[in-house]
Amino acid sequence: DAKTTQPPSMDCAEGRAANLPCNHSTISGNEYVYWYRQIHSQGPQYIIHGLKNNETNEMASLIITEDRKSSTLILPHATLRDTAVYYCIVRVGRAAGNKLTFGGGTRVLVKP
Amino acid sequence: GAVVSQHPSRVICKSGTSVKIECRSLDFQATTMFWYRQFPKQSLMLMATSNEGSKATYEQGVEKDKFLINHASLTLSTLTVTSAHPEDSSFYICSAFEDGADTQYFGPGTRLTVL
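Residues numbered from 1 in each chain as written. Chains lettered and ligands numbered in written order. Predicted model: local features only at pLDDT ≥ 70, side-chain atom pairs only at ≥ 80, totals over all residues. Heavy atoms only, no water.

## Digging into the overall build of chain B
Argument step 1. On a plain count of helices and strands, chain B comes out with zero helices and 11 strands.
Argument step 2. Going residue by residue from the N terminus, the α and β elements of chain B occur as β-β-β-β-β-β-β-β-β-β-β.
Argument step 3. Relative to the compact-globule value of 13 Å for 115 residues, chain B shows a C-alpha radius of gyration of 13 Å, a close match.
Argument step 4. The C-alpha extent of chain B, read off along each of the three principal axes, is 40 × 25 × 20 Å. (Helix = DSSP H or I, 4+ residues; strand = E, 2+ residues; numbered from the N terminus. Rg over C-alpha atoms; globule rule 2.2 N^0.38 Å.)

The structure is reproduced here in structure tokens:
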């Protein structure tokens, strides 16, 4: 699986948009970008995923650059409950077993 | 999103005993489930891939005789930690792969403490 690079931590202001960057410069053409978050002492929560098009759901937006070497997760209006560790993961398709490899993630602290 | 449950959420046991953790996909069927372990202040580490009706595939360094995995149905996988020792104390998390969504959904985790 392609490795990802994320900043270890970042602070966000409550009510403002939070932009979380992720670099995946070695991504291959059939590899998806997944985002999960983990709130303290809980299992990871799925947020969003994409291949090459930008994606949006009720939780967040995912912007993938045209060369697919980086992406940004956008939380449009951060709340205190969005404080968590956010993981950007690159996953190969079904043929490779659908495994996820977790890196260190970004520890996001939303401040009032 | 799809829901995955784990039971128990927390267990304390004596050294040398065995502990079974259940992982269930509540509203979808999962031919593939995964088991992870997470130590304090660390990221999740994949232990094994559990396939319904076949033997589990273990990651390098994970003892298959110590961590027994059974995936007897499309909605249930179990992890049994045999002869548990204090170093097995950890947060164990399962996930289930939903084919339709092409996504893994995670359970809430089980905190194991071995005294």
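Now that the structure has been shown, we can carry on.
## What to know about the overall build of chain A
Argument step 1. Each helix and strand in chain A was counted, giving zero helices and nine strands.
Argument step 2. Reading the secondary structure of chain A in the N-to-C direction produces β-β-β-β-β-β-β-β-β.
Argument step 3. The C-alpha radius of gyration of chain A comes to 13 Å, within 12% of the 13 Å expected for a compact globule of 112 residues.
Argument step 4. In terms of principal-axis extent, the alpha carbons of chain A reach across some 45 × 30 × 25 Å.
Argument step 5. Here chain A holds 112 residues, and the buried ones make up 46% of them.
Argument step 6. Within chain A, residue pairs in contact and separated by at least 24 positions form 55% of the contacts whose partners lie at least 6 positions apart.
Argument step 7. Roughly 5,800 Å² of accessible area belongs to chain A as shown, and the carbon and sulfur atoms make up 50% of that amount.
Argument step 8. Treating the 12 positive side-chain charges of chain A as one cloud and the 9 negative ones as another, the clouds have centres 5 Å apart. (Buried < 20%, exposed > 50% of the residue type's maximum accessible area, 1.4 Å probe, protein only. Contact = heavy atoms within 4.5 Å. Areas by Shrake-Rupley, 256 points an atom, 1.4 Å probe, with all protein chains shown as cover. Lys, Arg positive; Asp, Glu negative; His and termini not counted. Charge placed at Lys NZ, Arg CZ, Asp CG, Glu CD.)

## Quick notes on the side chain of Gln104(B)
Argument step 1. Of note, Gln104(B) is situated in strand β10 (residues 103-106).
Argument step 2. With a relative accessible area of 2%, Gln104(B) lands in the buried category.
Argument step 3. In terms of polar contacts, Gln104(B) uses its side chain to reach the side chain of Tyr36(B), at 3.0 Å.
Argument step 4. Every residue in contact with Gln104(B), bar those within four places of it in the chain, is listed here: Tyr36(A), Tyr46(A), Asn98(A), Lys99(A), Leu100(A), Phe34(B), Tyr36(B), Ser95(B), Ala96(B) and Phe97(B). (Polar contact = N/O pair within 3.5 Å; in protein donor to acceptor, adjacent residues only side chain to side chain.)

## Looking at the side chain of Ser70(A)
Residue and element names in this part refer to chain A.
Argument step 1. Residue position: serine 70 is located in strand β7 (residues 70-75).
Argument step 2. When its relative accessible area of 19% is taken as the criterion, serine 70 is described as buried.
Argument step 3. Apart from the residues lying within four places of it in its own chain, the contact partners of serine 70 are Cys22, Asn23, His24, Ile63, Ile64 and Thr65.

## Here's the deal with the environment of Glu98(B)
All names here are of chain B.
Argument step 1. Structurally, the position occupied by glutamate 98 is in strand β9 (residues 90-98).
Argument step 2. By relative accessible area, glutamate 98 is classed as partly exposed at 21%.
Argument step 3. Separated by 22 residues in sequence, glutamate 98 and leucine 76 place their C-alpha atoms 13 Å apart.
Argument step 4. Aside from chain neighbours lying at most four places away, what touches glutamate 98 is Ala2, Phe28, Thr103 and Tyr105.

## Thoughts on the interface of chain B and chain A
Argument step 1. Between chain B and chain A, the residue contacts involve 21 residues of the former and 19 residues of the latter.
Argument step 2. Breaking the side of chain B that touches chain A down by element, the ones donating at least two residues are β4 (32-38), β5 (45-51), β9 and β10 of chain B.

## Some words on the pairing of strand β3 (residues 32-38) of chain A
All names here are of chain A.
Argument step 1. Taken across its seven residues, β3 has six buried, putting it largely inside the fold.
Argument step 2. Pairing geometry for β3 and strand β8 (residues 84-91), over seven bridges, is antiparallel. By the bridge assignment, tryptophan 35 is partnered in β8 with cysteine 88.
Argument step 3. In this sheet, strand β4 (residues 45-50) lies alongside β3 in antiparallel orientation, the contact comprising five bridges. For tyrosine 36, the partnering residue across the bridge sits in β4 and is tyrosine 46.
Argument step 4. With antiparallel pairing between neighbouring strands as the criterion, β3 and β4 make up a hairpin whose turn holds six residues, including serine 41 at a positive phi of roughly 65°. (Pairing = 2+ DSSP bridges.)

## Describing the sheet that holds β4(A)
Residues and elements named next belong to chain A.
Argument step 1. The strand order across the open sheet built from five strands is β1-β9-β8-β3-β4, with neighbouring strands paired in mixed fashion. Each edge of the sheet is formed by a strand with only one pairing partner; in this case those strands are β1 (9-13) and β4. If you compare each strand with its neighbour and ignore which way they point, the axes differ by 25° on average. (Axes fitted to C-alpha atoms, helices over the stretch in contact; angles between N-to-C directions.)

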